[in-house]
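For reference, the chains in residue letters:
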Amino acid sequence: TVIDFSTANLVEKLYKINYKFEADYNPVTCIPVSSGYRLEEGNKSWSDKTEYYHDNFYLISENHGMMLLSEDVRDIVSAIFYLRTIDWDNYQLNDTVSYEMYFREKETFPLKLVYKGKEFVGSEYGEISCVKLQPLSDPGKLFNGKSTVNMWVSDDENRIPIRISVDVLIGSFKFDLVDYENIKLPYPCN
């Protein structure tokens, strides 16, 4: 599975961003088998590839070598796909979902997703009913400690990411769904 975020239009001329995440994961547990990423921001770039050995509680990163694990961890892609398995109708405002993440560091870190209710989000495919989530992590691990991140996942059988917004010191970035394939229901499906 591949998830690709990039800037467009005027923003690209000011500050180009391209994030590409790939992963193979168990379709039942959404636990990664392998993952990789390439991040480009302006003239800087970062990349890594990781193999996960959950039965033996370790992973191997091209950048950081072998790392012992105390529990199953997720990468960006498997974390997003795990969200697709949750029945959000059983959650109250500000309830949380937590799990361990591995991304760019020599250690894993906790990620907490705060349920912020349901909202309609305008998209190329019409107004889509979504679950709003706010990811929280230790500063510098996944998001800058001064950034606010919100994510909207469709509130239907597809449960796909529709929008991610990141508020930063100089403004905000918004990543919207622009293409999809092989989903359960056609859009819009409200």
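A short tour of the structure in this document, coming up. (Residues numbered from 1 in each chain as written. Predicted model: local features only at pLDDT ≥ 70, side-chain atom pairs only at ≥ 80, totals over all residues. Heavy atoms only, no water.)

This paragraph deals with the pattern of salt bridges. Counted under the stated rule, the structure contains 4 salt bridges. Here K132 ties to E119 by a salt bridge, and the two come within 3.7 Å at their closest N and O atoms. Residue K132 is found in strand β10 (residues 126-137), and its partner E119 is found in strand β9 (residues 109-123); the two are separated by 13 residues along the sequence. (Salt bridge = Lys/Arg side-chain N within 4 Å of Asp/Glu carboxyl O. Helix = DSSP H or I, 4+ residues; strand = E, 2+ residues; numbered from the N terminus.)

Here we come to a nonpolar patch on the surface. Among the surface-exposed residues, Y53, I60, M66 and L68 lie close enough to one another that they form a single nonpolar patch of about 410 Å² accessible area. Relative to the helices and strands, M66 resides in strand β6 (residues 65-68). (Patch = residues over 30% accessible without salt bridge, like charges linked within 9 Å, V, L, I, M, F, W, Y side chains within 5 Å. Areas by Shrake-Rupley, 256 points an atom, 1.4 Å probe, with all protein chains shown as cover.)

Turning to the packing of aromatic side chains, a few remarks are in order. Any pair of aromatic rings gets described here by the distance separating the centres and the angle formed by the planes. In the structure shown here, the tally under the stated rule is 9 aromatic pairs. Taken together, a centroid distance of 5.0 Å and an interplanar angle of 50° make the contact between W88 and Y91 tilted. Residue classification places W88 among the buried positions, given a relative accessible area of 4%. Residue class for Y91 comes out partly exposed when judged on its relative accessible area of 23%. Aromatic side chains Y91 and Y115 sit 6.3 Å apart centroid to centroid with 50° between the ring planes, which places their arrangement in the tilted category. (Phe/Tyr/Trp six-rings, centres within 6.5 Å; stacked < 30°, edge-to-face > 60°. Buried < 20%, exposed > 50% of the residue type's maximum accessible area, 1.4 Å probe, protein only.)

Here S61 shows up in strand β5 (residues 58-61). A polar contact is formed between the side chain of S61 and the backbone nitrogen of H64, at a distance of 3.1 Å. Polar side-chain contacts of S61 include one of 3.1 Å to the side chain of Y102. Excluding anything up to four places from it in sequence, S61 contacts D48, K49, T50 and Y102. (Polar contact = N/O pair within 3.5 Å; in protein donor to acceptor, adjacent residues only side chain to side chain. Contact = heavy atoms within 4.5 Å.)

Here we come to helix α2 (residues 76-83). By the criterion of burial, α2 is predominantly enclosed, with 7 of the 8 residues buried. Turning to α2, its buried residues number three or more, namely I76, V77, S78, A79, I80, F81 and L83. Between the side-chain oxygen at the start of α2 and the backbone nitrogen of V77 there is a gap of 3.2 Å, and the oxygen is on D75.

Don't take any of this as a statement about function, it's just geometry.
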